[in-house]
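A closer look at the structure
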Amino acid sequence: MSSNKLSAVLETQIHRLCLSDFPFGHGTWTKGRTEGAETEDTDALLDLLSCPRSPWRHDKSWSPQAPALRQLAVLTPERLHKDFIYNFFTTLRIVDKSVSDMDDGLLKFSKLEELVLSDNQISQICAENLPSTLKILDVRANRLSALNSLTNCPPPCLQYLSLGSNSLGSPEDVRHLTGRHWPQLVCLDLSNCEFEDQRALLSALSSLPCLRTLVLEGNPFTLAPSYPAFAVDSLPQLSCLDTSWISPEERHHFRGFAKNNVAADWASCIVSVGRMRGIPDPLIRVDENIAEFPVINYSYFITYEFLSHQTVNQNSDRDSKSDADHVREEGFSDADLQSNRDCGKESFQPNPPDLLVDTEETCHNIAYVSGHRTSKLTWSGCMDFRDTQTYIVTDLGGLKRFLNQGFYLTIEEEKVLSWPAASEDVLLAKPSRPVKEKKNGKDKESPIKSGYAKDKSKDKKKKCVPELVQDAPIRRILGSVHICLQSLVTGGQKDLGEKIKEDKKKDKESKQRGGSGTKRKNTSASKGRGKGRLECEMDAHTDAFGSVSVEPVTVEVNVELEKWRSASEAHPITELLKQHVLS
């Protein structure tokens, strides 16, 4: 496929200004040009450029200088030559034009100060092709994978650089983000890249003498509990981080992170499942004249899968279950996330483990999807699972991909049928006739040893209450809903208070940033807190219960990232969590 050069796109935009056609230029419509011809007044020609319904009105979004240049084409058309036109532009915004090649044609715009090239297909930026007057460069959402060509001869006066949403994050890229390359840089946007080494990046950025505004949200290392505290303390000259002003109180709380090198390279995700409402009573329409057997017992539980290296159970009131048989270990990639979608279609079944060698060199690149099942509860109008799981993840890049994909939460019902034991089993429980002597002989001891008397009392019970034998559990999925967790990746900046409908299931998710959070392990989630509340319509029950009105099923789900608010909070638990991760 041929490359789409930036200079060609710019020439097309300038050509669309029609600077030599009506109502511009030296045409017959201009006064004094042709005797006897019908001419237009200059003010009338200028009105044609600004009237909302005029066909000569032009889109000025690509450059604010375009309208002024068109006015000059009406007032003083003799000044419009090529060099004048190129030098007239100080701002160019070429967005989503499939530009793939930044050629040297850009050097013709010798007075250019702002260049916006976001949402294109640029894979390499040659600094030699950038005008030396450039102060603002925005290349977000392109295909950049390295910065070496940009720092060969960067514009000396550049003050704003946006590199967000590119495949940047290598150690080589970090070395190109120092004050030696960008001495005048004031604002830097590295959001939604792939930087994982928090210490190395912040060490490089600390050498930028003029840096005041920094955007880092969306990088894998921002999921760690030491962010943003370590970043704020490492960059004392910074005024704004992730579109939020840094207050003196925050600096005071975060003091000591940089000095003590408190920078975690892992993340702690806390998933809590609370109350579930709306499940209809399965026995509400049971006929009173129905046979005594089988005895039917119903129980309910919730399953989901989450990325993890190790799970730390925080349940205090209930024994939650996370069976090893239900854990699948594998190298994590985007393709592995497809297994989450299957959660809403199949019951929670054990998977044979596919073990990987977890050596010291590879442990930071390995993650596995851990299947979790809450405790089983019998039916009630409000079933409170009180289930909290903490997932420690060292593969921050894998965690970012997992959160962007989200996961599925499934509600399951377990039905168990109990029948009386077979008659042969009851006969075997009765050893001989003389055992009944205690009943007929008025409490006389049987010749059989006294220990056998206990068996006689058990036999009596078996006659009164038959021994029940349970069938294999019958499970069915009542509903499944997708939990979107992208707000955790972006630091809780995006409002996700929307309803998602999928297969007659609804998902409500709301989030907040900077809330006090629920304290766990002496920590609070001050940033990156995401909450989800689920609703799914249980149409599966309407057939079984006829005209019984069924309310939507709701499940309280909370997913949050652990965040440290002070260095003193981090110290007591850092070593403990490291042991969990490396064990």
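What comes next concerns the included structure. (Residues numbered from 1 in each chain as written. Predicted model: local features only at pLDDT ≥ 70, side-chain atom pairs only at ≥ 80, totals over all residues. Heavy atoms only, no water.)

**Observations regarding the overall build of the protein chain**
The test is simple: The secondary structure listing takes helices from DSSP runs of H or I that are at least 4 residues long and strands from runs of E that are at least 2 residues long, numbered from the N terminus. Contacts between residues were defined by any pair of non-hydrogen atoms, one from each residue, lying within 4.5 Å.
Along the protein chain, the regular secondary structure elements total 16 helices and 22 strands. Across the protein chain, the fraction of contacts at a sequence separation of at least 24, relative to all contacts at a separation of at least 6, is 73%.

**Notes on helix α6 (residues 198-205)**
The condition that has to hold: Here's how the labels work: a residue is buried when its accessible area is under 20% of the maximum for its type, exposed when over 50%, partly exposed in between, all with a 1.4 Å probe on protein chains only. When we speak of the arc, we mean the arc of directions from the helix axis to the C-beta atoms. The definition of a polar contact used here is a pair of N or O atoms within 3.5 Å, where within protein one atom must be able to donate a hydrogen and the other to accept one, and adjacent residues in sequence count solely through side-chain atom pairs.
Turning to α6, its buried residues number three or more, namely Gln198, Leu201, Leu202, Ala204 and Leu205. An end-on view of α6 places all buried positions within 160° of arc, on one side of the element. You can read the cap of α6 off the contacts: a side-chain oxygen lies 3.4 Å from the backbone nitrogen of Arg199, and it is on Asp197.

**Some thoughts on unusual backbone geometry**
With an omega of 10°, the peptide bond between Tyr227 and Pro228 qualifies as cis. Along the chain, Pro228 turns up in the loop between β6 (213-215) and α7 (229-234). The phi angle at Asn192 is positive, at roughly 55°, despite the residue not being glycine. Structurally, Asn192 can be placed in the loop between β5 (187-189) and α6.

**Concerning the packing of aromatic side chains**
Heads up, the condition is: Each Phe, Tyr or Trp ring (for Trp, its six-membered ring) is paired with any other whose centre lies within 6.5 Å, and the angle between the two planes then decides the class: stacked below 30 degrees, edge-to-face above 60, tilted in between.
Taken as a whole and judged by the stated rule, the model has 13 aromatic pairs. Centroid distance Phe402 to Phe407: 6.5 Å. Interplanar angle 10°. Geometry classified as stacked. Taken together, the ring pairs connect Tyr304, Phe306, Tyr391, Phe402 and Phe407 into an aromatic cluster.

**Re the environment of Ser239**
Counting through the fold element by element, Ser239 comes out in the loop between α7 and β7 (240-241). A relative accessible area of 29% means that Ser239 is categorised as partly exposed. When the C-alpha atoms of Ser239 and Leu214 are compared, they prove to be 8.5 Å apart, with 25 residues separating the residues in sequence.

**Observations concerning the nonpolar core**
Heads up, the rule is: The definition of a nonpolar core used throughout is a set of buried Ala, Val, Leu, Ile, Met, Phe, Trp, Tyr and Cys residues joined through side-chain atoms within 4.5 Å.
Core analysis: the largest hydrophobic core is formed by 75 residues, its most contacted members being Leu106, Leu115, Leu163, Leu205 and Leu216. Mapped onto this core, the elements with two or more residues apiece are α1 (6-15), α3 (65-75), α4 (82-88), α6, α7 and α16 (567-582). If sequence neighbours within four positions are ignored, Leu115 has contacts with Leu92, Met102, Leu106, Leu130, Leu134, Ile136, Leu137 and Asp138. By size, the runner-up hydrophobic cluster in this structure holds 36 residues, among which are Met383, Phe402, Leu403 and Leu488.

**Observations regarding the pairing of strand β13 (residues 368-373)**
Let me state the cut-off plainly: Here the rule is simple: two strands pair whenever DSSP picks up at least two bridges between them.
Burial within β13 is extensive, with six of its six residues counted as buried. Side-chain alternation along β13 places Tyr368, Ser370 and His372 on one buried face and Val369, Gly371 and Arg373 on a second face that is also buried. Pairing analysis gives six bridges linking strand β10 (residues 295-308) to β13, with the strands arranged antiparallel. Residue pairing across strands places Tyr304 opposite His372, the latter belonging to β13.

**What about the pattern of salt bridges?**
Our working rule: What makes a salt bridge here is a side-chain nitrogen of Lys or Arg within 4 Å of a carboxyl oxygen of Asp or Glu, nothing more.
Going through the model one piece at a time under the given rule, you end up with 11 salt bridges. With its nearest N and O atoms 3.2 Å apart, the salt bridge here joins Arg275 to Glu556. Residue Arg275 is found in strand β9 (residues 267-277), and its partner Glu556 is found in strand β22 (residues 553-561); the two are separated by 281 residues along the sequence. In this structure, Lys376 and Glu414 form a salt bridge, with 2.9 Å as the shortest nitrogen-oxygen distance. Residue Lys376 is located in the loop between β13 and β14 (377-378), and its partner Glu414 is located in strand β16 (residues 407-420); the two are separated by 38 residues in the primary sequence. Connected through salt bridges with shared partners, the residues Arg275, Arg277 and Glu556 form a single ionic network.

**Focus on α1**
For α1, the set of buried residues is Leu6, Ser7, Val9, Leu10, Gln13 and Ile14. Down the axis of α1, the sector holding all buried residues measures 160°, keeping them to one side. Next to the buried residues of α1 lie α4 and β1 (91-93).

**Some words on the sheet that holds β5**
Ordered by their spatial adjacency, eight strands build an open sheet running β1-β2-β3-β4-β5-β6-β7-β8, and the pairing between neighbours is mixed. The strands lining the two open edges of the sheet, one partner per strand, are β1 and β8 (244-245).

**As for the pairing of β16**
Consecutive side chains along a regular strand alternate between the two faces of the sheet. The buried fraction of β16 is high, at 11 of 14 residues. Here β10 pairs with β16 via 10 bridges, running antiparallel. Opposite Tyr304, over in β16, you have Leu409 as the bridge partner. Bridging between β16 and strand β18 (residues 474-483) involves nine bridges; their strand directions are antiparallel. Bridged to Thr410 within β18 is Ser480. Here β16 runs beside strand β17 (residues 468-470); their pairing, made up of three bridges, is antiparallel. By the bridge assignment for β17, Trp419 is matched with Val469.

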